[in-house]
Amino acid sequence: VEAVEAVPSVAPSHTLEVVYMDVDTVLQNYTLAKELTAQLKSKQEKSANSLQNKQTKLQQDMAQYQKEAAQFQQDYQNGKFLTQASIQEAQQKFMKREQELMKQDQDLQALNQKLTNEMLDEQEKMNKRLRDSLDSVLKQYQKENRYRLILSNNGRDNVIWGDSSLNITKIVTNDLNARYQKK
């Protein structure tokens, strides 16, 4: 029979202090978050409008090309071209225009991808800035109040129930806004 070594019971020297906050509510009420979100939305709208204008112009150019091509076909069938050279010249003109339109379409698709990537980068930078700001306040708040654990509560994702006295959402939001106003 093996002897079982007794594990000493270690009682914590202090109570476990836990608080929680609703990050979504903080971000909805944090002035910096509202400003950055508005800036990002404005950039997205400008990009979308610019892209839409270019797409509309390309569609109009394509419709005009198709109209001219149909007219060429009709003129050809009606014998309006006097020489084979004039027919070839018109065909080359249409082929060149078609290639230009195809290139514009490809360029527009590339621009769309570029703008999408830029917006994703901007979103990522914004999120990092907000995270860093929040982390800074929470670290300071944790030190001042000696909390051992700060939970995030978005809806009911992480905290199913918590005493409202443990909810630091408003305190954190106020501190974030006060720090932001000083800058």
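To keep things clear, this report deals only with the structure shown in the data block. In every chain, residue numbers begin from 1 and rise along the written sequence. The predicted origin of the model limits local features to residues at a pLDDT of at least 70 and limits the giving and counting of side-chain atom pairs to 80 or more, whereas totals for whole chains, interfaces and linings rest on all residues. Only hydrogens and water are removed before side-chain values are computed, so all heavy atoms of the structure are retained for them.

## With respect to the overall build of the protein
Along the backbone of the protein there are four helices and two strands. Only runs of H or I of at least four residues qualify as helices and only runs of E of at least two qualify as strands under DSSP, and these elements are numbered from the N terminus. Along the protein, from the amino end to the carboxyl end, the secondary structure elements read β-α-α-α-β-α. Here's how the labels work: a residue is buried when its accessible area is under 20% of the maximum for its type, exposed when over 50%, partly exposed in between, all with a 1.4 Å probe on protein chains only. For the protein, buried positions account for 23% of its 183 residues. Should any heavy atoms of two residues lie within 4.5 Å, those residues are considered in contact. Here the contacts in the protein between residues at least 6 apart in sequence split such that 85% fall between residues at least 24 apart.

## With respect to the nonpolar core
Nonpolar side chains in soluble globular proteins tend to end up buried together. Residues enter a nonpolar core if they are buried and are Ala, Val, Leu, Ile, Met, Phe, Trp, Tyr or Cys, with the set joined through side-chain atoms within 4.5 Å. Among the nonpolar cores identified, the biggest contains 21 residues, and Met21, Tyr30, Leu130, Leu134, Ile168, Val172 and Leu176 are the most heavily contacted of them. For this core, the secondary-structure elements that each account for two or more residues are strand E1 (18–21), helix H1 (23–29), helix H2 (31–77), helix H3 (84–145) and helix H4 (169–182). In terms of residue count, the dominant contributor to this core is H3 (seven residues). Listed in part, the 10 residues of the second largest apolar core include Leu58, Tyr65, Phe94 and Leu108.

## Some words on the pattern of salt bridges
The term salt bridge refers to a pairing of a side-chain nitrogen on Lys or Arg with a carboxyl oxygen on Asp or Glu at a separation within 4 Å. Under the counting rule described, the total for this entry stands at nine salt bridges. Two residues, Asp61 and Lys57, come together in a salt bridge whose shortest N-O distance is 2.8 Å. Of this pair, Asp61 and Lys57 both sit in helix H2, separated by four residues, roughly a single helical turn. Linked through salt bridges whose partners overlap, the residues forming this network are Lys57, Asp61, Arg97 and Glu100.

## Quick look at H3
End to end, H3 covers 91 Å across 62 residues, agreeing with the expected 92 Å (1.5 Å per residue, within 8%). Just beyond H3, the residue with positive phi is Arg146, at close to 55°. In this scheme, a helix's expected span is set at 1.5 Å multiplied by one less than its residue total.

## Description of the packing of aromatic side chains
Stacked, tilted and edge-to-face pairs are distinguished by plane angle, under 30 degrees for stacked and over 60 for edge-to-face with tilted covering the rest, among Phe, Tyr and Trp rings (Trp via its six-membered ring) whose centres lie within 6.5 Å. Enumeration over the complete set of coordinates arrives at five aromatic pairs. With a centroid separation of 6.4 Å and an interplanar angle of 25°, the aromatic rings of Phe72 and Tyr76 are classed as stacked. Highlighted residues: Phe72 and Tyr76, both in helix H2, separated by four residues, approximately one helical turn. Accessibility expressed as a relative area gives 12% for Phe72, which makes it buried. Looking at Tyr76, the relative accessible area reads 43%, which means it is partly exposed. Seen in terms of ring centroids, Phe72 and Phe94 are 5.3 Å apart; in terms of plane orientation they differ by 50°. Their pairing is tilted.

## A few points about the environment of Ala48
Among the secondary structure elements, Ala48 is positioned in helix H2. For the pair Ala48 and Thr116, spaced 68 residues apart in sequence, the C-alpha separation works out to 9.6 Å.

## Quick word on H4
Look at H4: 20 Å from first C-alpha to last across 14 residues, which is about the 20 Å you get at 1.5 Å a residue. Turning to H4, its buried residues are Thr169, Val172, Thr173, Leu176, Asn177 and Tyr180. Here the buried residues of H4 occupy an arc of 130° about the axis, which is enough to place them on one side. Turned more than 90 degrees from where H4 packs its buried face, Lys170, Gln181 and Lys182 sit exposed. Taken together, the buried residues of H4 touch E1, H1, H2 and H3. Of all possible arcs, the one meant is that of the directions from the helix axis to the C-beta atoms.

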